[in-house]
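If you want the building blocks of each chain, they are given just below.
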Amino acid sequence: DVKVTQSSRYLVKRTGEKVFLECVQDMDHENMFWYRQDPGLGLRLIYFSYDVKMKEKGDIPEGYSVSREKKERFSLILESASTNQTSMYLCASISYRADQPQHFGDGTRLSIL
Amino acid sequence: QQQVKQSPQSLIVQKGGISIINCAYENTAFDYFPWYQQFPGKGPALLIAIRPDVSEKKEGRFTISFNKSAKQFSLHIMDSQPGDSATYFCAASIRSSGTYKYIFGTGTRLKVLA
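Summary of the structure given here. (Residues numbered from 1 in each chain as written. Chains lettered and ligands numbered in written order. Predicted model: local features only at pLDDT ≥ 70, side-chain atom pairs only at ≥ 80, totals over all residues. Heavy atoms only, no water.)

1. Observations regarding the state of the cysteines
- One pass over the full model with this rule turns up two disulfides over all chains.
- Across a sulfur-sulfur distance of 1.9 Å, C23(A) and C91(A) are joined as a disulfide pair. One disulfide, between C23(A) and C91(A), carries an S-S torsion of -80° and so falls in the left-handed class. Of this pair, C23(A) sits in strand β3 (residues 19-25) while C91(A) is found in strand β9 (residues 87-94), placing the two residues 68 residues apart along the sequence. Both residues of the pair, C23(A) and C91(A), belong to the buried class.
- One disulfide bridge connects C23(B) with C90(B), the sulfur atoms lying 1.9 Å from each other. Of note, the bridge from C23(B) to C90(B) carries an S-S torsion of about -95° and is left-handed in sense. With C23(B) in strand β3 (residues 19-25) and C90(B) in strand β9 (residues 86-96), this residue pair connects regions lying 67 residues apart in the sequence.
- For C23(B), a relative accessible area of 3% corresponds to the buried category.
- Using a relative accessible area of 0% as the deciding quantity, one classes C90(B) as buried. (Disulfide = S-S within 2.5 Å. Helix = DSSP H or I, 4+ residues; strand = E, 2+ residues; numbered from the N terminus. Buried < 20%, exposed > 50% of the residue type's maximum accessible area, 1.4 Å probe, protein only.)

2. Brief notes about the interface of chain B and chain A
- In this assembly, 23 residues from chain B lie in contact with 25 residues from chain A.
- For the interface between chain B and chain A, the tally reads one salt bridge.
- At the surface where chain B touches chain A, the tally comes to five residue pairs in polar contact (both at pLDDT 80 or more).
- Looking at the side of chain B that touches chain A, the elements that each hand over two or more residues are β4 (33-38), β9 and β10 (99-104) of chain B.
- Ranked by the residues each element gives to the side of chain B that touches chain A, the list is headed by β10(B), at five residues. (Contact = heavy atoms within 4.5 Å. Salt bridge = Lys/Arg side-chain N within 4 Å of Asp/Glu carboxyl O. Polar contact = N/O pair within 3.5 Å; in protein donor to acceptor, adjacent residues only side chain to side chain.)

3. A word on the sheet that holds strand β8 (residues 73-78) of chain A
Residues and elements named next belong to chain A.
- If you walk across this open sheet you meet the four strands as β1-β3-β8-β7, and the pairing is antiparallel. Each edge of the open sheet is held by one strand with a lone partner, namely β1 (4-6) and β7 (64-70). Sheet twist, expressed as the average angle between the axes of neighbouring strands with direction ignored, equals 20°.
- Judged from the three bridges that link them, β1 and β3 form a sheet pairing that is antiparallel. Bridged to Q6 within β3 is C23. (Pairing = 2+ DSSP bridges. Axes fitted to C-alpha atoms, helices over the stretch in contact; angles between N-to-C directions.)

Shape descriptors only; they carry no functional weight alone.
Set out below in structure tokens:
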């Protein structure tokens, strides 16, 4: 079974802090994704990576950056946290093959005070 | 054109009833349509998926119906059970920038009454 592990289930930070969310997958997947989930808005793609050190912006990248130094690990960085970044953050990975599902972690609920 | 529209936003069904969730899309380049189930405190998990060359796929009590000409697809949950109470997301996949990007619907919160 694919396992996608997010390092924190709950996180509380202050406005202006630099925040790191970590994600690790154990299936040697090439592609990894960061989403945020908000009620009524579904899952929105922040950034994705299709290879080590490669990254691309998703639909809502403003205020975020990412890092992928190793294949299994994908980090989301909030450079200067703001209250409108309070959300549920989901990491996912997928094999580079057609018809393969994305596998999700259990999410990090981040509150910015 | 990249949107996937999902309805209803919430749904209440009696135990043993049929739950139906609908999704519609515009982009004909989408080539894979998964449904995800999410329980509180958990990440979304793949429930069932279909490709556009198939009109229906059934797995147990869960069926996807796919209408390519109308660009619509739906999830049917037969004999709905309280354990099916969860949020359901439809999605459409498109190959882009070296990967398969998913566009998700906004979700349907299903409650099955005992």
